[in-house]
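Architecture at a glance
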Amino acid sequence: MPRPYFYVTTPIYYVNDQPHIGHAYTTILADVLARYHRALGEAVFFLTGVDEHGQKVQQAAEKRGVAPQAHCDEYALRFSRLWERLEIQYDDFLRTTQPRHINVVRAVLQRLYDQGDIYPADYAGWYSVAEERFITETEKDSGAFRDVRQLTERNWFFRMGKYQEQLIKYIEARADFIQPDSRRNEILGFLRQPLGDLCISRPKERLNWGIELPFAPEYVTYVWFDALLNYVTGPGYIADDRRFGQWWPASVHLIGKDILTTHSVYWSTMLFALGLPLPTTIFAHGWWLTGESKMSKSLGNVVNPLDLVDQYGVDPVRYYLTREMILGQDANFTLESFIKRFNSDLANDFGNLLNRVSGLIGKNFNGLVPASGELSEADQEIKAAADGLAQKVADAVAGFRIHEAIDETMLLVRLINRYVEKQAPWKVAKEDLTRAGTILYIATEGLRIAAFYLLPVMPQKANQVLEVLGAVGSAGEWGLLKPGTKLAAHEALFPRLEIAI
RNA sequence: CGCGGGGUGGAGCAGCCAGGUAGCUCACCAGGCUCAUAACCUGGGGGUCGUUCGUUCAAAUCGAACCCCCGCAACCA
């Protein structure tokens, strides 16, 4: 059922933002998914990028006295550097100021204009003089904005409303399109109200850092037609039909739940208008909370992912973020739960198992992987569990249950620890070295397979396990660990964190 | 009655769709082992599954009402 091509996206992040755990989480998630799908033998295209147009960039650049593009060049680096640090293996990093993207946006706008889906009208809304932008009804009511007044302005609109019925039918017919289910219901609820048209422009006198409307040079397009189209620019829409045909529609747009409407409604109707297929899945994940509230800059409770990474390493952070959050729900981030997770899963179970088997093989077999003899019933159990893992992981990943894919793998690790305990190879070795060898082969081979399935989550650490076992690059099938392989010397991979909290 | 999600041992979750001894991880207690990162393994304590009513031989699971928490309610990236 999985198609040979898997195309995953993150949102494009606003260059002006300080990269925070939310950005890091979405992107790590996309990377883990991409790596799992690559491991499952699929061709993968992983697109991320930055959104560089808009009022805030223009203002920030003016304030610093630099050209907007120079400002963007500088700020975009913060994201690409972070992704490098977080071991993000993306295939494309799109910037909305790139000519390839501007071409797509202009071509799309022209086409929709030609077919009558874009028209001029007055836009009336609440305008914040201080912020120099329109604000929402909710924002106005919050009282957080001063100098608010009604403003009417000539603008351009996209006929979004006319696609409402088509969209409702589309969503109702596809249980997998918007996930999780609760979000799907939310959008269907939203669509019970009449859907208006979408304002897509700003006059240049207010905002000139944007893509000019091809049919109205005194305007630039605002937000949606600029940002959302990145998903088709990446795989080569208009520019390269063959490549685009290969990757589009996207397998999954990973997004935060805050931009669900944008993607489910605006983007879908834009694609309808263009006659393009919709992405297979739009998946909205939850937020990391600290205590009660969303982690936000204004509350000063932002956890900088780089700090965590500097202190504990990339892989444990990737492991924690993907194991702890059930995709779609919110999760609590606390240092305490991070440390618990690290110690119980990574140090005690996974890392310690490596030390157990490598120590025993070192002592009893001069560090050479022993051969496997006749398999006992207990041995068969481990082999069966390891053999069954592939399907379990594949199912969990296909259903976006990353935490489950990880947990299934850790269950194998725990099973092996139990097996080693019961088989007691350190005792058996005194009477029957051949049998002890079989036990250790079984345990080590099981560990290798567990490490293989942890590679997408912990590309460095899981690979280190494979290095120790002389099995880098080996596949997930049973029996690929070669007897006679000299185990490499190693330190503890995940030294327990003995930190008072 | 705007729409939707949820309330399960100390914590975080599964189970609910296809009713039938309440499961997992962590924490706690006791024991075992001693290969290993005081790790690992075994056993145990702890839950009237938000409340009430109903359906049923039987309900965490189905239905109704109520209480509480959360999200959405659009042009905000």
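What you see is a predicted model, and the numbers here were worked out from it, not measured in a lab. (Residues numbered from 1 in each chain as written. Chains lettered and ligands numbered in written order. Predicted model: local features only at pLDDT ≥ 70, side-chain atom pairs only at ≥ 80, totals over all residues. Heavy atoms only, no water.)

On the secondary structure map, L411 appears in helix α16 (residues 402-423). Owing to a relative accessible area of 42%, L411 belongs among the partly exposed residues under this scheme. For the pair L411 and D349, spaced 62 residues apart in the sequence, the C-alpha separation amounts to 9.6 Å. (Helix = DSSP H or I, 4+ residues; strand = E, 2+ residues; numbered from the N terminus. Buried < 20%, exposed > 50% of the residue type's maximum accessible area, 1.4 Å probe, protein only.)

What follows deals with helix α13 (residues 314-324). Counting buried positions over the 11 residues of α13 gives 10, a clear majority of the element. Of the positions making up α13, those classed as buried are V314, D315, P316, V317, R318, Y319, Y320, L321, T322 and R323.

The next point concerns the sheet that holds strand β8 (residues 198-199). In spatial order, the strands read β5-β4-β6-β8; together these 4 strands make up an open sheet with antiparallel pairing. Of all the strands in the sheet, the pair left with one neighbour each is β5 (133-135) and β8. When strand β4 (residues 118-128) meets β5, the two strands line up antiparallel, connected through 3 bridges. In the strand pairing of β5, W126 is matched with I135. (Pairing = 2+ DSSP bridges.)

Per the counting criterion, the structure on display carries 31 aromatic pairs. Considering the side-chain rings of W156 and F215, the 4.9 Å spacing of their centres and the 65° angle between planes classify their relative orientation as edge-to-face. With W156 in strand β6 (residues 148-158) and F215 in the loop between β10 (211-213) and β11 (216-221), the pair connects residues that are 59 residues apart, well separated along the chain. F215 gets classed as buried once you look at its relative accessible area, which sits at 15%. Relative to F494, the ring of F342 lies with its centre 5.9 Å away and its plane at 80°, an arrangement referred to as edge-to-face. Of this pair, F342 sits in helix α14 (residues 335-365) while F494 sits in the segment after α19 (461-468), placing them 152 residues apart in sequence. Using a relative accessible area of 4% as the deciding quantity, one classes F494 as buried. An aromatic cluster is present here, built from Y5, Y7, F45, Y231, Y237, F244, W247, W248 and W267 joined pairwise through their rings. The side chain of R243 reaches across the aromatic face of F45, ending 5.8 Å from its centre. (Phe/Tyr/Trp six-rings, centres within 6.5 Å; stacked < 30°, edge-to-face > 60°. Lys NZ or Arg CZ within 6 Å of the ring centre and 35° of its normal.)

To continue, consider unusual backbone geometry. The residue after Q179, namely P180, is reached through a cis peptide bond having omega -5°. Relative to the assigned elements, P180 resides in the loop between β7 (178-179) and α7 (181-190). In this structure, the amide linkage connecting W248 to the following residue, P249, adopts the cis form with an omega of 5°. Of note, P249 is situated in the loop between α10 (241-247) and β12 (252-256). For F400, which is not glycine, the phi dihedral falls at a positive 60°. Residues other than glycine seldom take positive phi values, yet A424 does so here, at roughly 45°. Looking at the element boundaries, A424 is found in the loop between α16 and α17 (425-431). The exposure class of A424 is buried, given its relative accessible area of 10%.

By size, the foremost hydrophobic cluster in this structure holds 103 residues, and its most contacted members are Y36, W83, W288 and F350. Among the elements that make up this core, the one with the highest residue count is helix α18 (residues 433-454) (13 residues). When near neighbours in sequence (up to four residues on either side) are disregarded, W83 contacts Y13, H23, A24, T27, T48, I88, Y90 and F93. By size, the runner-up hydrophobic cluster in this structure holds 55 residues, among which are V104, I171, L191 and W247. (Core = buried A, V, L, I, M, F, W, Y, C linked by side-chain atoms within 4.5 Å. Contact = heavy atoms within 4.5 Å.)

This brings us to the confidence of the model for chain A. Looking at chain A as a whole, its pLDDT mean stands at 88, while 92% of the residues score no less than 70. Per-residue pLDDT, averaged within each element of chain A, yields its smallest value for strand β15 (residues 293-294) (42) and its largest for α19 (97). Listed scores for the predicted complex are pTM 0.92 and ipTM 0.85. (pLDDT = per-residue confidence, 0-100.)

Turning our attention to the pairing of β12. In terms of burial, β12 is largely enclosed, as 5 of its 5 residues are buried. Every second residue of β12 is oriented toward a common face, with V252, L254 and G256 on one face and H253 and I255 on the other, all of them buried. Pairing analysis gives 2 bridges linking strand β1 (residues 5-14) to β12, with the strands arranged parallel. Each residue of the ladder has a partner; that of T9, found in β12, is H253. As judged from the 5 bridges shared by β12 and strand β13 (residues 281-285), these two strands associate in the parallel manner. When the bridges of β13 are listed, G256 appears paired with H285. Read from β12 through helix α11 (residues 260-274) to β13, the crossover connection turns out right-handed. (Right-handed = clockwise from strand over helix to strand, strands pointing away.)

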